[in-house]
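Results of the structural survey
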Amino acid sequence: MSIKRFFAVFAARNREFLRDRATLGWNIVFPFLIVAGFAFAFSGRSPDLYKIGVLLSPGEVLEEAVSRDPFFRIDYLDFIPFTTQQTAVEKVQRHQVDMLVDPQARAYWVNETSPKGYMLERLLRGSGTDDYRKQTVEGREIRYVDWLIPGILGMNMMFSALYGVGYVIVRYRKNGVLKRLKATPLSAFEFLAAQLASRLWLILAVTLVVYFGTNAFVSFAMHGSLLNLLVVFALGAFTLITMGLLVAARIASEELAEGTLNMLAWPMMFLSGVWFSLEGLHPAVQTLAQIFPLTHIISAARAIMIDGAGLAQVSGQLAVLAGMSALFLAIGSAAFRWQ
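Let me begin by describing the structure that accompanies this report. Note on numbering: residues in each chain are counted from 1, in written sequence order. With pLDDT at 70 or above as the cut-off, local features in this predicted model cover only qualifying residues; side-chain atom pairs require 80 or more to be listed or tallied, and sums for whole chains, interfaces and linings still use all residues. Where side-chain values are given, they derive from all heavy atoms of the structure, hydrogens and water being excluded.

Examining the side chain of E121
Quick reminder of the rule: The secondary structure listing takes helices from DSSP runs of H or I that are at least 4 residues long and strands from runs of E that are at least 2 residues long, numbered from the N terminus. Here a residue-residue contact requires only that any non-hydrogen atoms of the pair lie within 4.5 Å.
On the secondary structure map, E121 appears in helix α5 (residues 115-126). Residue contacts for E121: discarding those within four places in its chain leaves M99, Y108, V110 and K134.

Shown next as C-alpha cells:
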C-alpha cells in the first residue's frame, strides 16, 4: 500500500465534501433543528396524568392485577405493566414512572423528590390500602430531550455514513471516475481505505460539533465519559460506513443505490429506538431491531450518557458492532469492482 496515494485520495474526498456547502450545512443544521423542536415541544408542563408501574408475574394480565384494590379504580391513573423489577425501579428513579406497585408483594416504590409520587402515595393510603410497604428510591429526572439526543446523533451518523459512501462511490462508478482511477497505480484497497477513513473523521467531526452545539443551549444529561462515548460513536460510524460499502460494491445505478440505501436507513430510523423506546413493542419487533447496527449504537450511547456506564457495561454492543464491521468490510471489499 502506498501512503502517498492513500492520502491523495483521502484529501481529495475531504475537499469534495467540504466544498459541498449545502450537504455540509445540512449535516450540521438538521440535528440542531430536531433537537430545538423537541426541546421546545416538551419544555412546557407535563400532562396531568399519573403514571404507575405495576409489577406482574409471568403470564399475569394487567386487568386482573389492578382489580384487587380500590386504589386501582381511581380515575386519571395510567397503569403500565412491568415484568422486571430492576427496569421498573430505574423508571421511578428517572421520574419516567411516578410510582411502582407490586400487588402480590404488597409493596410500592416512590422517588422522594417526585411531587407526583408524593401525591400518589397519599392517594394509595387514602384509598384504604394500608398493608403496602414503602420503598424509596433516588434519582434525577431524565427529560425526553436527554433521552432523544443519543438517537439524533446516531441517526445523523447513519445518513452521513450510508449516503456519504454508498451513494458517492456509485456516482463515481456511473460518471466514469472509477474507470479512470483504475488506469492509475491506485489499488482498490488504497481507494476504499481512503474513502472509509475520510468519511469516518468527517462524521466524528460533525458529530462533535452537533454534540457541543446542542449542549450549549439544551444542556442535556451526560453522566458518563466523553472518551467512552467517542469510542462508541467511532466504532458505530465505522460499522455504518462499511454497511454503505456493501451497497457501493457493485451497483452502477444511482436510482438503485438510493432505493437500496432508503430501504436500509428508514427501517433503522424507526425501529432502532431513535424516537421512542422499544419497550412494550411486540417481541418480534424487538428481535428484528437487534439486526440493525444503529440499535446497538444508540443503546450503548444512552447507557453512557444517561446511566454513566463504562465500556465494560456496553461491551456486548461493542462486540456486535465489531463483528458487523468485520463482516460488512469483508463482503464489501471482496465484491467491489471498478466498473
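So, the packing of helix α6 (residues 144-175) against helix α8 (residues 188-218)
To keep it simple, the criterion reads: Between N-to-C directions, angles span 0 to 180 degrees; the directions come from axes that are lines fitted to C-alpha atoms, helices contributing only their stretch in contact. Any angle from 65 to 115 degrees is called roughly perpendicular, while one under 35 is roughly parallel, one over 145 is roughly antiparallel, and all others are oblique. Helix crossings are classified by the rotation of the near helix relative to the far one: an anticlockwise turn of less than a right angle makes the crossing left-handed, while a clockwise turn makes it right-handed. Charged residues are taken to be Asp, Glu, Lys and Arg, nonpolar residues to be Ala, Val, Leu, Ile, Met, Phe, Trp, Tyr, Cys and Pro, and polar residues to be all remaining types, Gly included.
Direction vectors running N to C along α6 and α8 enclose 150°, while the axes themselves pass 10 Å from each other. Comparing their axes, α8 and α6 come out roughly antiparallel. Seen along the crossing, α6 lies across α8 with a hand that is right-handed. Residues V145, I149, L153, N156, M157, S160, A161, G164, V165, I169 and Y172 of α6 form the contact with α8, whose participating residues are F191, L192, Q195, R199, I203, V206, T207, V210, Y211, T214 and V218. Taken together, the residues of the contact of α6 with α8 sort by class into 15 nonpolar, six polar and one charged.

Structural notes on the nonpolar core
So the rule is basically this: To qualify as a nonpolar core, a set must consist of buried Ala, Val, Leu, Ile, Met, Phe, Trp, Tyr and Cys residues joined through side-chain atoms within 4.5 Å. A simple rule labels every residue: compare its accessible area, found with a 1.4 Å probe on the protein chains alone, to the largest value its type can have, and call it buried under 20%, exposed over 50%, or partly exposed in between.
One finds M158, I169, F191, F233, M268 and V314 to be the most contacted residues of the largest nonpolar core, which totals 66 residues. Where this core is concerned, the elements lending two or more residues are α1 (3-19), α6, α8, α9 (226-248), α10 (254-271), α12 (293-307) and α13 (315-335). Per-element tally for this core: the top contributor is α6, with 15 residues. With sequence-adjacent residues up to four places away left out, V314 is seen in contact with V232, A300, A303, I304 and A309. Counting residues in hydrophobic clusters, the runner-up holds 17 residues, among them L56, A65, V66 and F79.

A closer look at the sheet that holds strand β2 (residues 77-82)
By way of backbone hydrogen bonds, the strands of a sheet pair with one another, either parallel or antiparallel. Condition: When DSSP finds two or more bridges between a pair of strands, those strands are recorded as paired.
Overall, mixed pairing links the five strands, which are arranged β2-β1-β3-β4-β5 in an open sheet. Two strands bound the open sheet, and with one partner strand each, they are β2 and β5 (133-137). Looking at each pair of strands side by side, their axes are set apart by 25° on average, direction ignored. Where strand β1 (residues 50-55) lies against strand β3 (residues 99-102), three bridges are found, and the strand directions are parallel. Each residue of the ladder has a partner; that of V54, found in β3, is V101. Docked against the sheet, helix α4 (residues 85-93) engages β1, β2, β3, β4 (107-111) and β5, running at close to 35° with respect to β4.

Digging into the packing of aromatic side chains
Selection criterion: Under the pairing criterion, centres of Phe, Tyr and Trp rings, with the six-membered ring standing for Trp, must be within 6.5 Å; the plane angle then separates stacked pairs below 30 degrees from edge-to-face pairs above 60, leaving the rest tilted. The rule for a charge over a ring is simple: NZ of Lys or CZ of Arg within 6 Å of the ring centre, and within 35 degrees of the ring normal.
Tallying each qualifying case throughout the model produces 10 aromatic pairs. Taken together, the ring pairs in this structure connect F159, Y163, W266 and F270 into an aromatic cluster. Here the guanidinium or amino end of R302 rests over the ring plane of W147, the centre of that ring lying 3.5 Å away.

Let's talk about α4
Let me state the cut-off plainly: Note that the arc is computed from the directions linking the helix axis to the C-beta atoms.
Among all positions in α4, only A88, V89, K91 and V92 are buried. Projected down its long axis, α4 shows its buried positions confined to an angular sector of 155°, all on one face. The inward-facing, buried residues of α4 contact β1, β2, β3, β4 and β5.

Some words on the environment of L77
Here L77 lies in strand β2. Spatially, the C-alpha atoms of L77 and I52 are 7.1 Å apart, while their sequence positions differ by 25 residues. Not counting residues up to four positions away in its chain, the partners in contact with L77 are L49, Y50, I52, F71 and L120.

As far as function goes, none of this settles anything; it's purely spatial.
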